[in-house]
Amino acid sequence: MEEEIKAEFEKSGFCLDQDDQILSKCLTYCINYKLSPADLVSNWEIHYLNRQLNGLKVENAHMDGFLSHLQNELKERITKEEPHLHIYSSDDVDMLLSDEYDDTKESFLNTPSSQYEKQYVENYTSTPGTNEGPSSSKESKVISNRITPFGQRMNKFISQFVFNAQNTDNGLRKKELENMEDDVIRRVQPSERCSLQVLRSQPESGCRFMYDRTEDRVNSLENRIRKHTNAYAACGLYGEPTDATLASQKNVFAVGMVCCDGEGRVNEKSILLQCSVEQSCGQRVRLDLQNLTQFSLFPGQVIGIEGHNPSGHCLIASKVVDSLPNSLDADLPPAKKQAMDTETQPSPPSDKSRVLSLVIAAGPFTTTDNLLFEPLTELLAYASRRQLQLLILMGPFIDSEHPEIKKGTVGRSFDDIFHVEILRKLQDYTDYMGSAAHVILVPSIRDAHHDFVFPQPAFDIHLPEDITRQITCVSNPCLFSSNEIIVSCCTLDILKQLSSEEISRASADMQPVDRMGRLASHLLRQRSYYPLYPPSVGVPLDLSLAPEALEIPSIPDLLLLPSDLAPFVKVLSLGGDDREAIRCMCVNPGRLAKGIGGGTFVEIYYHGDPDKANASIIRI
């Protein structure tokens, strides 16, 4: 079995540092946790990505961390199978043995720990118009006295990572701490209101879906290949694209889509190039990647490739071009191209106006042991202290993966939960903050109360007119501008899906590759929110609904990609050496709630460009 384990590691591109010791431990893990060699290596890849390990060498020093990952996976699996089973930890023991438990029982008023948060929570629970249903004063009092693991957590609002720490404004932190310690909590001072313009939000609410045909999918893929072909031809750097399936001893340049010759994950032996109908009637040709020192490929990726095909059956690649040139709209008429540029860039940017403070969080917004939405309450209290201009909340809001939702034991409709637990809290937050506060809601395919389709329309909610100016619902994915800063967002976990489908090779003399940054760069290089095809299992992709909704028309300033993988803030650079690189700040805020505990969110102060901005990944 050790040989099978070693073969699986090598198949995924990893090499073992000390074969005997590592294989012996891996064999033990397979036996203890009932894993096959393939399952073991799949778990290693997840651990490798989450820890952001450098290089592709599996070292003995990594095994202890890998063991902890397997133990956590087993615990989560048991918890899902037995939702009422509580796995006790040292925190539970400390609580039971503490002599001060009875004295501190009254201090667990909801979850906020500070006097500021407590007053804020009381403020919105007593707001007129919320004295019915689950938010009634009687029931909220019962909820207030309920002790939850989330309410007993320690180390609240701790920064796990700071991007551009030298730009951090310590004055705001100092002011916040002073306000928290005041006996009399002052109402926050209104901040400057940010501008907001939704540039692309499709499909429309109430649209019909599940009507896509095979013809629609074929046309969508063909249009992608044709668009890339025209862009490569217009830039003049690679020659005229030709048919890759024809035998030729000379080097040719071809454009096509990467695909696999069978079921399962693509590898170097099974990779094919599907050309356009116009060039080669949609035929496929096998790719030989032996001569390439580095590449990064996945199914559905449209690439340009240089090489020769001596037999007509196999294209021997000498160079792969995986980034779409800047002349993206070369095939459009000048008038239409100018209109598109005007749509995506509403006005000439200036550093003075391109200033924005925002908090970004992704659901779930409640822990798996209840539907109290305590993490959301604490997040709103934090945002109110920081006096931020923009709050971006990305689904799922009513998570279909929540144990109570899956079992159907909830006594209310999903829409009622959304309006009472989400919208009312946001209404009270905007009332408390004043007219300067702005909230953006982005749905997720995991939202139990919303359309299960991707691309996904915006929430169709009906709020008073004064509230709708402060709470904006957009589609998934979406493109909007705030203070002339272009923001793109997609709540589908494309990073995790790409990580399981991508194959790559890096030259030995190169520095360690940032794989998370490379995965995020694929979206910008392909100019698509979902370049993967065929889609992963469970993704309700409808290519006939709004094909243009999946396109990224221009490189945004901020790209928001919430994922189950480790949270990060990175700056992605795109462009060749002969021109100035285009920079984009990419953010994965993580999940606000993880299991019965808290997760993470991101706070950003953007000043003109990524080099002047600072961001913090904060544990709730």
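What you see is a predicted model; the values in this text were computed from it and never measured. (Residues numbered from 1 in each chain as written. Predicted model: local features only at pLDDT ≥ 70, side-chain atom pairs only at ≥ 80, totals over all residues. Heavy atoms only, no water.)

(A) Expanded view of empty space enclosed by the protein. On inspection of all chains with the given rule, the structure shows three cavities of 30 Å³ or more. Its volume calculated, the second largest cavity comes out at about 40 Å³. (1 Å grid on protein atoms, 1.4 Å probe; cavity = no way out; pocket = protein on both sides within 12 Å on 5 of 7 lines; lining within 4 Å. Points joined across faces, edges and corners; volume = space filled by probe spheres on them.)

(B) Layout of the nonpolar core. Formed by 64 residues in total, the largest nonpolar core has its most connected members in F9, L40, W44 and L561. Residues contacting W44, with those up to four places away along its chain left out, are F9, F14, L53, V58, H62, M63 and F66. V439, A458, F459 and I618 belong to the second largest nonpolar core, which has 42 residues in total. (Core = buried A, V, L, I, M, F, W, Y, C linked by side-chain atoms within 4.5 Å. Buried < 20%, exposed > 50% of the residue type's maximum accessible area, 1.4 Å probe, protein only. Contact = heavy atoms within 4.5 Å.)

(C) Representation of the environment of I360. Within the fold, I360 resides in strand β11 (residues 355-362). Using a relative accessible area of 0% as the deciding quantity, one classes I360 as buried. Separated by 30 residues in the primary sequence, I360 and L390 place their C-alpha atoms 8.6 Å from one another. In contact with I360, not counting residues within four places along its chain, are I392, M394, L560, V587, P589, F601, V602 and I604. (Helix = DSSP H or I, 4+ residues; strand = E, 2+ residues; numbered from the N terminus.)

(D) Representation of the sheet that holds strand β14 (residues 471-473) in the model. Pairing in this open sheet of seven strands is mixed, and the strands run β3-β24-β23-β11-β12-β13-β14 from one edge to the other. Among the strands making up the open sheet, the edge pair consists of β3 (158-163) and β14. Within this sheet the neighbouring strands show an average axis-to-axis angle of 20°, counted without direction. Here strand β13 (residues 438-442) pairs with β14 via three bridges, running parallel. By the bridge assignment for β14, L441 is matched with C473. Relative to strand β23 (residues 600-607), helix α13 (residues 374-386) is tilted by about 25°, and along the sheet it contacts β11, β12 (390-394), β23 and β24 (609-619). Running at roughly 160° to β13, helix α15 (residues 414-433) makes contact with β12, β13 and β14 of the sheet. (Pairing = 2+ DSSP bridges. Axes fitted to C-alpha atoms, helices over the stretch in contact; angles between N-to-C directions.)

Structural measurements only, silent on function.
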